[in-house]
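For reference, the chains in residue letters:
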Amino acid sequence: MSALLEVAGLHVRFGEVAAVRGASLVVARGETHCLVGESGCGKSVTALAVMGLLARGARRAAERLAFAGQDLRDLSDRAMSRLRGDRMAMIFQEPMTSLNPSYTIGSQMTEVLRRHRPGATRAQAVDRAVELLGRVGITAPGMRLGQYPHQLSGGLRQRVMIAMALMCEPELLIADEPTTALDVTVQAQILRLLAGLQRDLGLAILLITHDLGIVARVAHRVSVMYAGEVVESAPTAALFAAPRHPYTRGLLSCVPVPGKVRRDQPLGSIPGVVPRIPPGFAGCAFRDRCAHARAECSGDVPRRAAGPEHEFLCTLAPDWARAEPVAA
Ligand SMILES: Nc1ncnc2c1ncn2[C@@H]1O[C@H](COP(=O)(O)OP(=O)(O)O)[C@@H](O)[C@H]1O
Ligand SMILES: [Mg+2]
């Protein structure tokens, strides 16, 4: 496995709010990596931290934050914006976050290419835009170039946003709940589209989603996030067959048979809510909601290995976990 995006020990704070607390994950070249977890766990903030798009006032620190071997931690804003939209691109739940209502689809798409490839002619940029609109399943792409975002349906806008993200052939596409705002049939089309693009173009996708059905169908690897930490990460089959962290087990609890997930299956519901983590908090953040919690869960939490490329963070190694701490 060749690592494209490496995140280790990532912390993001907004004043006293610790939104991400030591999160680690690796996205390999050409894989679809799903990041799951309840709302407020820090998934979007992790993605924005990678892209260098955090709100002003956010403080970011990481032990490692690298893209294609290049350290992103001390890249200038200019260098970061050269990477964004070029070798790494991001799409959002609400396409209007990325689309400007006052410019045509065509001018926005061609602008992306011309910003990153100053040598490209206007005709080349238009050709590329037409090709990609076709690629994402938009009919009469030439005509669409002259339209404004508000003239398109939500599903079409999402396709345009994907096409725009692909203008410079990124190696990594981060998609933050890209289908949540769409109806179920359109969701399925967009996911098939992403899976096809991933295969055909060999790009890596970090897909943030709530939907376990999506995860089961498209992910090669899954990372589970809880209260700012990645608490479990495993190849998809291993995660569904033998989830180890009590939180992961809670999320999967509505799935009756591994691999037999309904299309529209939501994450399982676990009593309680994601806690706000105060500064100086120690121990396992899930302990207040965990049926297995004991006194020692307030101490340091070891990282354990459960199989090839399968790791989780848990103080207890209950019988079902049968796992050894990973030697540091
Ligand atoms: N700009 C911000 N200012 C302050 N707090 C924020 C900001 N963005 C996110 N947060 C907080 O960070 C935490 C993680 O948020 P987020 O990454 O959006 O969660 P998720 O995407 O997993 O639903 C939440 O507690 C949220 O309130
Ligand atoms: Mg989010």
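Small disclaimer: the values here were computed from a predicted structure and weren't measured.

## Quick word on the UniProt feature "domain: ABC transporter" (unreviewed entry) in the chain
Look at the UniProt record and you will see "domain: ABC transporter" (unreviewed entry) annotated at residues 5–252. As a span, residues 5–252 carries 38% helix and 26% strand, and end to end its C-alpha atoms are 26 Å apart.

## Some points on helix H4 (residues 122–135)
Taking 1.5 Å per residue as the helical rise, H4 with its 14 residues ought to reach 20 Å, and the 20 Å between its terminal C-alpha atoms agrees with that figure. When H4 is considered as a whole, its buried residues turn out to be Ala 125, Arg 128, Ala 129, Leu 132 and Leu 133. Buried residues along H4 cover an arc of 130° about the axis, so they all sit on one side. Lining the buried residues of H4 we find helix H3 (105–116), helix H5 (141–144) and helix H6 (154–165). Immediately downstream of H4, the backbone of Gly 137 shows phi near 85°, a positive value.

## Here we look at the site of ligand 1
Contacts to ligand 1 come from Phe 14, Ala 19, Glu 38, Ser 39, Gly 40, Cys 41, Gly 42, Lys 43, Ser 44, Val 45, Ala 55 and Arg 276. Between ligand 1 and Cys 41 there is a distance of 3.2 Å, counted from an oxygen atom to a backbone nitrogen or oxygen. Between ligand 1 and Ser 44, the relevant distance is 2.8 Å, taken from an oxygen atom to a side-chain nitrogen or oxygen of the residue. Computed on the free molecule, ligand 1 has an accessible area of 560 Å², of which 65% lies beneath the protein chains in the complex. With three residues, helix H1 (residues 43–51) is the single largest residue contributor to the shell around ligand 1. For the shell around ligand 1, a count of residues per class yields five nonpolar, four polar and three charged.

## Thoughts on the state of the cysteines
Counted by the stated rule, this structure contains zero disulfides. Of the cysteine sulfurs around Cys 34, a residue in no disulfide, the closest is that of Cys 41, at 15 Å. Classification of Cys 34 as buried rests on a relative accessible area of 0%. Just so you know, Cys 41 is unpaired, no disulfide at all, and the nearest cysteine sulfur is the one on Cys 284, 12 Å from it.

## Things to note about the packing of H3 against H4
Between two packed helices, the angle of one axis relative to the other and the distance separating the axes together describe the packing. At a minimum axis distance of 9 Å, the contact between H3 and H4 shows a crossing angle of 120°. Taken together, the axis directions place H3 and H4 in an arrangement best described as oblique. Handedness of the crossing formed by H3 with H4: right-handed. Of the residues in H4, those in contact with Met 109, Thr 110, Leu 113 and Arg 114 of H3 are Arg 122, Gln 124, Ala 125, Val 126, Arg 128, Ala 129, Leu 132 and Leu 133. In terms of residue class, the contact of H3 with H4 is made up of seven nonpolar, two polar and three charged.

## So, unusual backbone geometry
Even without a glycine there, the phi angle at Ala 68 is positive, about 50°. With phi around 45°, Ala 227 is a residue other than glycine that occupies positive phi space. As for its placement among the helices and strands, Ala 227 is situated in the loop between strand S10 (221–226) and strand S11 (229–235).

## Considerations on the environment of Met 51
Checked against the element boundaries, Met 51 lands in helix H1. Between the alpha carbons of Met 51 and Met 90 there is a distance of 7.8 Å; along the sequence they are 39 residues apart. Those residues within four positions of Met 51 in sequence are excluded, and the remaining contacts are Met 80, Arg 84, Met 88, Ala 89, Met 90 and Ile 174.

## Thoughts on the domain arrangement of the chain
By the assigned domains, the chain splits into domain 1 (3–87 + 170–281) and domain 2 (99–167). In this structure, domain 1 and domain 2 have C-alpha centres spaced 26 Å apart. Taken together, the contacts link 19 residues of domain 1 with twelve residues of domain 2. Summing both sides of the interface, domain 1 and domain 2 together bury roughly 1,300 Å²; the carbon and sulfur share of this comes to 64%. On inspection of domain 1 and its partner domain 2, the count reaches two salt bridges. As a salt-bridge pair, Arg 117 and Asp 86 come within 3.0 Å of each other at their nearest N and O atoms. At the boundary of domain 1 and domain 2, one finds six residue pairs in polar contact (both at pLDDT 80 or more). Considering each element in turn, the side of domain 1 that touches domain 2 owes the most residues, nine residues, to helix H7 (residues 184–201). Within the side of domain 1 that touches domain 2, the residues separate by chemical class into eleven nonpolar, four polar and four charged.

Cut-offs and rules
- Residues numbered from 1 in each chain as written.
- Chains lettered and ligands numbered in written order.
- Predicted model: local features only at pLDDT ≥ 70, side-chain atom pairs only at ≥ 80, totals over all residues.
- Heavy atoms only, no water.
- UniProt positions renumbered as here; feature names shortened; annotations may be inferred.
- Helix = DSSP H or I, 4+ residues; strand = E, 2+ residues; numbered from the N terminus.
- Expected span 1.5 Å × (residues − 1).
- Buried < 20%, exposed > 50% of the residue type's maximum accessible area, 1.4 Å probe, protein only.
- Arc of directions from axis to C-beta.
- Contact = heavy atoms within 4.5 Å.
- Near = heavy atom within 4 Å.
- Polar contact = N/O pair within 3.5 Å; in protein donor to acceptor, adjacent residues only side chain to side chain.
- Areas by Shrake-Rupley, 256 points an atom, 1.4 Å probe, with all protein chains shown as cover.
- Nonpolar A, V, L, I, M, F, W, Y, C, P; charged D, E, K, R; others polar.
- Disulfide = S-S within 2.5 Å.
- Axes fitted to C-alpha atoms, helices over the stretch in contact; angles between N-to-C directions.
- Parallel < 35°, antiparallel > 145°, perpendicular 65-115°, else oblique.
- Left-handed = near helix turned anticlockwise from the far one by under 90°.
- Domains from an automatic or database assignment.
- Buried area = accessible area lost by both parts, 1.4 Å probe.
- Salt bridge = Lys/Arg side-chain N within 4 Å of Asp/Glu carboxyl O.

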